[in-house]
There are 2 protein chains.
Amino acid sequence: MSPSRIPDGEERGWIVPIGGAEDKENGAKILQRFLDLCGGDGADIVVIPTASRMPDTGDRYEKLFSELGANRVESMDFDTRRDCFEPNRIQRIEQASGIFFTGGNQLRISTMLGGTPIAQAIRAQNARGVAVGGTSAGASILSEHMIAFGTEGSSPRADSVRLAPGLGLTNRVVIDQHFRQRDRLGRLVAALAYNPFAIGIGLDEDTAAFIGPDNTIEVEGSGSVTVVDADGLQFSSMHMVGEDEPVCLLGLGVHILTKGATFNLNTRKASAGSLAVSKSG
Amino acid sequence: MSPSRIPDGEERGWIVPIGGAEDKENGAKILQRFLDLCGGDGADIVVIPTASRMPDTGDRYEKLFSELGANRVESMDFDTRRDCFEPNRIQRIEQASGIFFTGGNQLRISTMLGGTPIAQAIRAQNARGVAVGGTSAGASILSEHMIAFGTEGSSPRADSVRLAPGLGLTNRVVIDQHFRQRDRLGRLVAALAYNPFAIGIGLDEDTAAFIGPDNTIEVEGSGSVTVVDADGLQFSSMHMVGEDEPVCLLGLGVHILTKGATFNLNTRKASAGSLAVSKSG
């Protein structure tokens, strides 16, 4: 599964993974910026709370986006895979100018939506310019290779992480969330050790990576985005160690981005962006 | 304070920081290897339990090294700075073929021994070939710039870490311990952000960096040694952020070494060492 083909003359919509626990009361900068990408006061947002087991998660985000100024917000939950084949739901997705996944358990989203017309509709919408975002579990689901679960700890072990196919809006990144708060570097690095082509994105809480149509990551929020790039990997022992043994990885590149800094997924180049400007200002 | 000058025709002794909780019962590989560097069954080891508040720490390591085959082991505690000026103690240090610091609080060692003839004697001994090791707090104390305390979390904040002068056997590294177990990447990276000249060494529990006279790090034990190299640092925002704000750092190099892999502090080159050999074998 690769990302849906972008129609001629159009550009992919923004992909917005958020590290969880985003601010909802003091300006809600991340959610506001997401809303602006969906058209601001003209936005029509579908919230998918399927990852969550709490009955009011959808309502909560409906209310939040409404208060931030969205024209229309609707929560759409999926209880069965059959729900993901209903024409009126698919049509609703096709009308949306933004789609947002709440937190919870990312495997609930992937087992419910994976391979259904709803998943296809979301992918097609993103390919033709609609912004798709999500927080916590809703962030993990966005990429092709999704961290399903894993163990904590700074240094990687062969069994630190289990991957599953995600929604596949991009295959460039592996996303992890609650990054600083839950000590997840090891499992992100382990995911890259399996196949270093992807770039690891570790999102702190209240922090988002806004991945633009040109594959440049911009940071929003109060924490940092840790980019782990295995492009220059000299050596990995992943193929030769036992499950609970530590993995040797030589030549990883790490960038810790805060608001203002950027990273381009195509060129793999980090930039201090506006931070460098304010430095000399 | 730089490391003591190495006398003509001699070479510096090994420096052996251990990440804490080293195995003491199933082969005690790290302690055995340290003992071997001190002369094996001819070894004369002084154990310094000053970091610890537990009265039996010194006795425990005395017993351990004796059982592993040391010729002579003596625990030498320091309760006051005056103790660090006693000629018979200084003489005892000058006889030792190995010196070992136990765990506890590294600030107890630095406040008690710092700047005294005992510290000078240990530094001089290491410069003329005597191995000096330590576990946990005893690992942190070995380098010039010591992490005194800090906060947990994968991504660095300006106030993640506080440094203090250590024993100064090497000024090439900043050492952190219990690395995987206590989520200390952020504070190690913050320490490097202050001044990127040093190389960060994060030691997992039951894992040691054996730093040879030629400044090559070899790994011993069941975990990994995370080397953070800021030599290629493109940008740091450390000088412009508030205390509790995240720090932007672009261009860090990270190597995760397991037993068999090496890193040279002079050339800043990592090697898979014997792991690469067993790969093709």
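Treat the numbers as computed from the prediction; the structure is a model and nothing was measured. (Residues numbered from 1 in each chain as written. Chains lettered and ligands numbered in written order. Predicted model: local features only at pLDDT ≥ 70, side-chain atom pairs only at ≥ 80, totals over all residues. Heavy atoms only, no water.)

With respect to the packing of aromatic side chains
Residues and elements named next belong to chain B.
- Applying the stated criterion across every chain yields a total of 12 aromatic pairs over all chains.
- Consider the rings of W14 and F210, whose centres lie 6.5 Å apart with planes at 65°: the pair is edge-to-face. With W14 in the segment before β1 (15-18) and F210 in strand β10 (residues 207-211), this residue pair connects regions lying 196 residues apart in the sequence.
- Take F210: its relative accessible area is 0%, and that puts it in the buried class. (Phe/Tyr/Trp six-rings, centres within 6.5 Å; stacked < 30°, edge-to-face > 60°. Helix = DSSP H or I, 4+ residues; strand = E, 2+ residues; numbered from the N terminus. Buried < 20%, exposed > 50% of the residue type's maximum accessible area, 1.4 Å probe, protein only.)

Brief notes about the relation of the copies chain B and chain A
- For the pair chain B and chain A, the best superposition has an RMSD of 0.0 Å and corresponds to a rotation of 180° with a translation of 0.0 Å parallel to the axis. Here the symmetry operator amounts to a two-fold rotation axis. Measuring from the rotation axis to each C-alpha of chain B, the shortest distance belongs to G253 of chain B, at 2.4 Å.
- Both copies contact each other with a shared surface, as 100% of the interface residues of chain B are interface residues in chain A too. (Least-squares fit on C-alpha atoms with pLDDT ≥ 70 in both. Contact = heavy atoms within 4.5 Å.)

So, the sheet that holds strand β2 (residues 44-48) of chain B
Residue and element names in this part refer to chain B.
- What the 9 strands build is an open sheet, ordered β3-β2-β4-β5-β1-β10-β11-β15-β16; its pairing is mixed. Edge strands, defined here as strands with exactly one partner in the open sheet, are β3 (72-75) and β16 (269-271). Across the sheet, the mean angle separating the axes of adjacent strands is 20° when strand polarity is ignored.
- Here β2 runs beside β3; their pairing, made up of 4 bridges, is parallel. Residue V46 lies in a different strand from β3, and its bridge partner there is E74.
- Packed onto the sheet, helix α3 (residues 87-95) meets β2, β3 and β4 (98-101) and runs at close to 130° relative to β2. (Pairing = 2+ DSSP bridges. Axes fitted to C-alpha atoms, helices over the stretch in contact; angles between N-to-C directions.)

Let's talk about unusual backbone geometry
Residues and elements named next belong to chain A.
- Even without glycine at this site, A21 takes up a positive phi of about 50°.
- Inspection of the secondary structure assignment puts A21 in the loop between β1 (15-18) and α1 (29-37).
- The partly exposed category is assigned to A21, whose relative accessible area is 47%.
- Positioned with a positive phi, N215 is a non-glycine residue whose angle comes to about 65°.

Let's talk about the packing of α1 of chain A against helix α2 (residues 57-67) of chain A
All names here are of chain A.
- As a packed pair, α1 and α2 sit with axes 10 Å apart at the nearest point and diverge in direction by 70°. In this view, α1 runs roughly perpendicular relative to α2, as classed from their interaxial angle. In this structure, α1 uses L31, F34 and L35 to contact α2, whose residues at the interface are Y61, L64 and F65.
- Partitioning the contact of α1 with α2 into residue classes produces 6 nonpolar, no polar and no charged. (Parallel < 35°, antiparallel > 145°, perpendicular 65-115°, else oblique. Nonpolar A, V, L, I, M, F, W, Y, C, P; charged D, E, K, R; others polar.)

A closer look at the UniProt feature "active site" (unreviewed entry) in chain A
All names here are of chain A.
- Residues annotated by UniProt as "active site" (unreviewed entry) correspond here to S136, H178 and E205. These residues run over 70 residues, yet every pair of their C-alpha atoms falls within 8.4 Å of each other.
- Of the residues examined, S136 reaches a relative accessible area of 12% and is grouped as buried.
- In this structure S136 touches I18, G19, G20, G103, Q177 and H178, once residues within four positions along its chain are discounted. (UniProt positions renumbered as here; feature names shortened; annotations may be inferred.)

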